[in-house]
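The residues making up each chain are set out below.
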Amino acid sequence: MRIILLGPPGVGKGTQAKILMKRFSIPQLSTGDILRTEIDTKTELGILAKSIMNEGKLVPDNVMLNMMEKRLQEDDTINGYILDGFPRTLPQAKGLEKILKILVQRLNGVIAIKADEGILVERLSNRRSCKKCNAITNLIFDPPRVEGKCNQCGGELFQRDDDKPEVILDRLEVYKKQTEPLINYYAELQLLKEVDGSGTINEITINILRELE
Ligand SMILES: [Zn+2]
């Protein structure tokens, strides 16, 4: 099962990715993790990426795509993979298409989880992080047993600046601008599967699995 997962902040993408990983025994691949591994193991690409980052520049698409091409051939991807946070731009999506052709791999679908802005804002503004263990929780879905305290470790909960209402709307706007071209691109390739993300975690999973049948 080879999936790309798209969705705005607050739609539950991370939660669904974890569920799909277990269900299909596939890894979740993110560019951040891939980049870190390449740098830590001092591969040729890793050394190149690090020197670019040291100059304060972003790792260019061609370097990222080369890393992706390597990663998509590793042993743990035998059953497939979930791409999370990649591709992020149209050139990356086109680059990925080329790689998949070379590797003779076909995507099962590009899942775009959607929900109304009102729902996303409500979910995100109820998100809290633990100062001690960094766990993220939600006052609606997983309310703390003791007010203001983390259910995992008892540490103090706080609201990240990113999850404050005035910042949330900006984040949603950025997502929309960035992702719209991708949505259109994958719709044209007939790979796009839009899923309603307004329900419970379980309902969203059912909707995704139905699209992947
Ligand atoms: Zn904690």
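## Some details on the nonpolar core
The nonpolar side chains of soluble globular proteins are, as a tendency, buried together.
Phase 1 of the analysis: Ile4, Leu6, Met67, Leu72, Leu83, Leu96 and Tyr186 are the most contacted members of the largest nonpolar core, which has 33 residues in total.
Phase 2 of the analysis: Discounting residues that sit within four places of it in the chain, Tyr186 has contacts with Ile4, Pro87, Ala93, Leu96, Glu97, Leu107, Val110, Leu191 and Leu192.
Phase 3 of the analysis: Membership of the second largest hydrophobic core comes to 19 residues, among which are Ala17, Ile26, Ile82 and Leu124.

## Some thoughts on the packing of helix 5 (residues 90–103) against helix 7 (residues 165–188)
Phase 1 of the analysis: Where helix 5 meets helix 7, the closest approach of the two axes is 9 Å, and the angle between their N-to-C directions is 35°. Contact with helix 5, carried on its side by Leu90, Ala93, Lys94, Leu96 and Glu97, involves Pro181, Leu182, Tyr185 and Tyr186 of helix 7 and no other residues of that element.
Phase 2 of the analysis: Residue composition of the contact of helix 5 with helix 7, grouped by class: 7 nonpolar, no polar and 2 charged.

## Concerning the pattern of salt bridges
Phase 1 of the analysis: Counted under the stated rule, the structure contains 12 salt bridges.
Phase 2 of the analysis: Taking the shortest distance from any N to any O, the salt bridge between Asp76 and Arg71 comes out at 2.7 Å.
Phase 3 of the analysis: With a relative accessible area of 36%, Asp76 lands in the partly exposed category.
Phase 4 of the analysis: With relative accessibility at 16%, the residue Arg71 sits in the buried group.
Phase 5 of the analysis: For Glu194, the salt bridge identified is with Lys114, shortest N-O distance 3.2 Å. Linking Glu194 in strand 8 (residues 192–196) with Lys114 in strand 4 (residues 109–114), this pair joins segments that are 80 residues apart in sequence.
Phase 6 of the analysis: Accessibility expressed as a relative area gives 41% for Glu194, which makes it partly exposed.
Phase 7 of the analysis: A single salt-bridge network, built from bridges that share partners, covers Arg127, Arg160, Asp163 and Arg171.

## Let's talk about a negative patch on the surface
Phase 1 of the analysis: Residues Asp116, Glu117, Glu166, Asp170, Glu173, Glu180, Asp196 and Glu203 make up a contiguous surface patch of negative charge.
Phase 2 of the analysis: Examining the composition of the negative patch, we find that 4 residues originate from one element, helix 7, more than from any other.
Phase 3 of the analysis: You can see Asp116 is positioned in the loop between strand 4 and helix 6 (117–125).
Phase 4 of the analysis: Of the residues examined, Asp116 reaches a relative accessible area of 57% and is grouped as exposed.

## Concerning the pairing of strand 1 (residues 2–6)
Phase 1 of the analysis: The buried fraction of strand 1 is high, at 4 of 5 residues.
Phase 2 of the analysis: Where strand 1 lies against strand 3 (residues 81–84), 4 bridges are found, and the strand directions are parallel. Note on strand 3: the bridge partner recorded for Ile4 is Leu83.
Phase 3 of the analysis: Where strand 1 meets strand 4, 4 bridges bridge the pair, whose relative direction is parallel. When the bridges of strand 4 are listed, Leu6 appears paired with Ala112.

## Some remarks on the environment of Ser198
Phase 1 of the analysis: With respect to the helices and strands, Ser198 occurs in the loop between strand 8 and helix 8 (201–212).
Phase 2 of the analysis: On the basis of relative accessible area, Ser198 is assigned to the partly exposed category, the value being 34%.
Phase 3 of the analysis: Sequence separation of Ser198 and Glu97 is 101 residues, and the distance between their C-alpha atoms is 30 Å.
Phase 4 of the analysis: If near-sequence neighbours (up to four positions away) are discounted, Ser198 is found in contact with Lys114, Ala115, Ile119 and Arg123.
Phase 5 of the analysis: Separated by 2.8 Å, the side chains of Ser198 and Asp196 make a polar contact.

The rules we used
Residues numbered from 1 in each chain as written. Predicted model: local features only at pLDDT ≥ 70, side-chain atom pairs only at ≥ 80, totals over all residues. Heavy atoms only, no water. Core = buried A, V, L, I, M, F, W, Y, C linked by side-chain atoms within 4.5 Å. Buried < 20%, exposed > 50% of the residue type's maximum accessible area, 1.4 Å probe, protein only. Contact = heavy atoms within 4.5 Å. Axes fitted to C-alpha atoms, helices over the stretch in contact; angles between N-to-C directions. Helix = DSSP H or I, 4+ residues; strand = E, 2+ residues; numbered from the N terminus. Nonpolar A, V, L, I, M, F, W, Y, C, P; charged D, E, K, R; others polar. Salt bridge = Lys/Arg side-chain N within 4 Å of Asp/Glu carboxyl O. Patch = residues over 30% accessible without salt bridge, like charges linked within 9 Å, V, L, I, M, F, W, Y side chains within 5 Å. Areas by Shrake-Rupley, 256 points an atom, 1.4 Å probe, with all protein chains shown as cover. Lys, Arg positive; Asp, Glu negative; His and termini not counted. Charge placed at Lys NZ, Arg CZ, Asp CG, Glu CD. Pairing = 2+ DSSP bridges. Polar contact = N/O pair within 3.5 Å; in protein donor to acceptor, adjacent residues only side chain to side chain.

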